[in-house]
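So the chains spell out like this:
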Amino acid sequence: MTTTIIVIALVLAGLALSRTRVVKELNSRRFMPVIYAAATVYFAVRAFGAASDHARVWPHALLAAMFLGGVVESVRASGIFRRS
């Protein structure tokens, strides 16, 4: 539970950091997909661990799906894969 709270706090800190002037100058649009992807991987691994321990999987899977949606939306907004 503690690590889950830490991961969510780090995502929120990344979101707050992406709004600062320093990161905006470093092109913050490419900054947030990495944060969301890291959280997605973390919660996906937690869901797999819960499944292998025969515990409740849905909280971890739900959070992984939410952060995966954040990754997709961030990548779309940033235009990382835009055709040139």
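Quick caveat, the model's predicted, so the values are computed rather than measured.

1. Details of the overall build of the chain
Per the secondary structure count, the chain includes 4 helices and 0 strands. Going from the N terminus to the C terminus, the chain shows its helices and strands as α-α-α-α. The 84 residues of the chain split such that 29% are buried. For the chain, the proportion of contacts with a sequence separation of at least 24, taken over those separated by at least 6, is 58%. Of the roughly 6,100 Å² of accessible surface on the chain, 68% is carried by carbon and sulfur atoms.

2. Some words on the nonpolar core
In this structure, Val7, Val11, Met32, Tyr36, Ala39, Phe43, Ala64, Phe67, Val71 and Val75 together form the largest nonpolar core, which totals 10 residues. Breaking this core down by element, the ones donating at least two residues are helix 1 (2-18), helix 3 (32-52) and helix 4 (58-78). The contacts of Ala64, once residues within four sequence positions are left out, are Thr40, Phe43 and Ala44.

3. Comments concerning a nonpolar patch on the surface
Side chains of Trp58, Leu62 and Met66 sit close together on the surface and give an oily, nonpolar patch of about 370 Å² of accessible area. The class for Leu62 is partly exposed, based on a relative accessible area of 46%.

4. Examining helix 4
Between the first and last C-alpha of helix 4 there are 30 Å, a value that for 21 residues agrees with the 30 Å anticipated at 1.5 Å per step. Listing the buried residues of helix 4 in full gives His60, Ala64, Phe67, Gly70, Val71, Ser74, Val75 and Ser78. Each buried residue of helix 4 sits inside an arc of 125° when the element is viewed along its axis, so together they form one side. Opposite the buried face of helix 4, at more than 90 degrees from it, the exposed residues are Trp58, Met66, Arg76 and Ala77. With its phi angle positive at about 70°, Gly79 sits one or two positions after the end of helix 4.

Analysis parameters
- Residues numbered from 1 in each chain as written.
- Predicted model: local features only at pLDDT ≥ 70, side-chain atom pairs only at ≥ 80, totals over all residues.
- Heavy atoms only, no water.
- Helix = DSSP H or I, 4+ residues; strand = E, 2+ residues; numbered from the N terminus.
- Buried < 20%, exposed > 50% of the residue type's maximum accessible area, 1.4 Å probe, protein only.
- Contact = heavy atoms within 4.5 Å.
- Areas by Shrake-Rupley, 256 points an atom, 1.4 Å probe, with all protein chains shown as cover.
- Core = buried A, V, L, I, M, F, W, Y, C linked by side-chain atoms within 4.5 Å.
- Patch = residues over 30% accessible without salt bridge, like charges linked within 9 Å, V, L, I, M, F, W, Y side chains within 5 Å.
- Salt bridge = Lys/Arg side-chain N within 4 Å of Asp/Glu carboxyl O.
- Expected span 1.5 Å × (residues − 1).
- Arc of directions from axis to C-beta.

So yeah, pure geometry; function would need other evidence.
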